[in-house]
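Spelled out from the first residue to the last, the chains are:
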Amino acid sequence: EPGIRTCFVCKSQDRRENLLRFTGRPGKPLCYDKKEINSGRGMWVHQDCLEQAFQKRLFYKAAKGTVRISDELAEQMKTLFNLTVEADQKTERKPL
């Protein structure tokens, strides 16, 4: 259905306007895509699920590779959503 996306944390479907979009490419900094214009893999998340996404490092799975949390993104999350996010946090798969 047009305009419906799935939150990658809770897996529930919702309208685009109720979700936040992040973009990322393996090895590149994760980006909050408020205007929904950035290229790269789009990852949709409810604001209520955002803290869990960072704490459990779920962006790795959603981005299908390593993504980096930049200082800019950490500051943006603090300002916009009052979330404390560790900058330069690598969200990569642990070796077996």
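Quantities reported herein were computed from a predicted structural model and do not represent experimental measurements.

**Points about the overall build of the protein chain**
Tallying secondary structure elements over the protein chain gives three helices and seven strands in all. Going from the N terminus to the C terminus, the protein chain shows its helices and strands as β-β-β-β-β-β-α-α-β-α. Put simply, the protein chain has 96 residues, and 38% of those count as buried. Counting contacts in the protein chain only where the partners sit at least 6 residues apart, residues at least 24 apart contribute 49% of the total. For the protein chain, the exposed area adds up to about 6300 Å²; of that, 45% sits on carbon and sulfur atoms.

**With respect to the side chain of D33**
Looking at the secondary structure, you find D33 in the loop between β5 (31–32) and β6 (41–45). Relative accessible area serves as the criterion here: at 3%, D33 is assigned to the buried category. From its side chain, D33 meets the backbone nitrogen of I37 in a polar contact 3.0 Å long. Those residues in contact with D33 that lie beyond four places of it in its chain are R21, F22, T23 and N38.

**Quick word on the packing of aromatic side chains**
Within this structure, the stated rule accounts for six aromatic pairs. Where F54 meets F59, the ring centres are 4.9 Å apart and the plane angle is 45 degrees; that geometry is what we call tilted. Each member of the pair, F54 as well as F59, is classed as buried. These aromatic residues form a ring-pair network of at least three members: F8, F22, Y32, F54, F59 and F81.

**Structural notes on the side chain of R21**
With respect to the element layout, R21 can be found in strand β3 (residues 20–24). A polar atom in the side chain of R21 sits 3.3 Å from the backbone oxygen of N38. Contacts of R21, omitting those with residues within four sequence positions, involve C31, Y32, D33, K34, E36, I37, N38, G40, G42, M43 and W44.

**Points about the sheet that holds β5**
The three strands are arranged β5-β3-β6 in an open sheet whose pairing can be described as antiparallel. A strand with exactly one partner marks an edge of an open sheet, and here the two such strands are β5 and β6. Inspection of the sheet shows β3 paired to β5 by two bridges, in the antiparallel sense. Counterpart to F22 in the pairing with β5 is Y32.

**Quick look at the layout of surface pockets**
Estimated volume of the largest pocket: approximately 230 Å³. The set of elements that each furnish at least two residues to the lining of the largest pocket consists of β6 and α2 (59–63).

How each quantity is defined
Position labels on residues start from 1 in each chain and follow its written sequence. The predicted nature of this model means local features are confined to residues of pLDDT at least 70 and side-chain atom pairs, given and counted, to a pLDDT of 80 or more, with totals for whole chains, interfaces and linings taken over all residues. To obtain the side-chain values, all non-hydrogen atoms of the structure were used and water was disregarded. Counting from the N terminus, the helices are DSSP H or I runs at least four residues long and the strands are E runs at least two residues long. Relative accessibility thresholds used throughout: buried, under 20% of the residue-type maximum; exposed, over 50%; partly exposed, between the two (1.4 Å probe, protein chains only). Residues are treated as being in contact if the distance between any of their heavy atoms lies within 4.5 Å. The Shrake-Rupley method, run with a 1.4 Å probe sphere, supplies the accessible areas, and residue values consider only the shown protein chains as cover. Counted as a polar contact is a pair of N or O atoms within 3.5 Å, where, for protein atoms, one must be capable of donating a hydrogen and the other of accepting one, and residues adjacent in sequence contribute only when both atoms are in side chains. Any two rings among Phe, Tyr and Trp, with Trp reduced to its six-membered ring, count as a pair given centres within 6.5 Å; such a pair is stacked if its planes are under 30 degrees apart, edge-to-face if over 60, and tilted if neither. Paired strands, in this sense, are two strands between which DSSP finds at least two bridges. Both cavities and pockets are sets of points on a 1 Å grid over the protein atoms alone; in a cavity a 1.4 Å probe fits but cannot get out, in a pocket the set is open with protein on both sides within 12 Å along at least five of seven lines, and lining residues sit with an atom within 4 Å of a point. Grid points are joined across faces, edges and corners, and a volume is the space filled by probe spheres set on the points.

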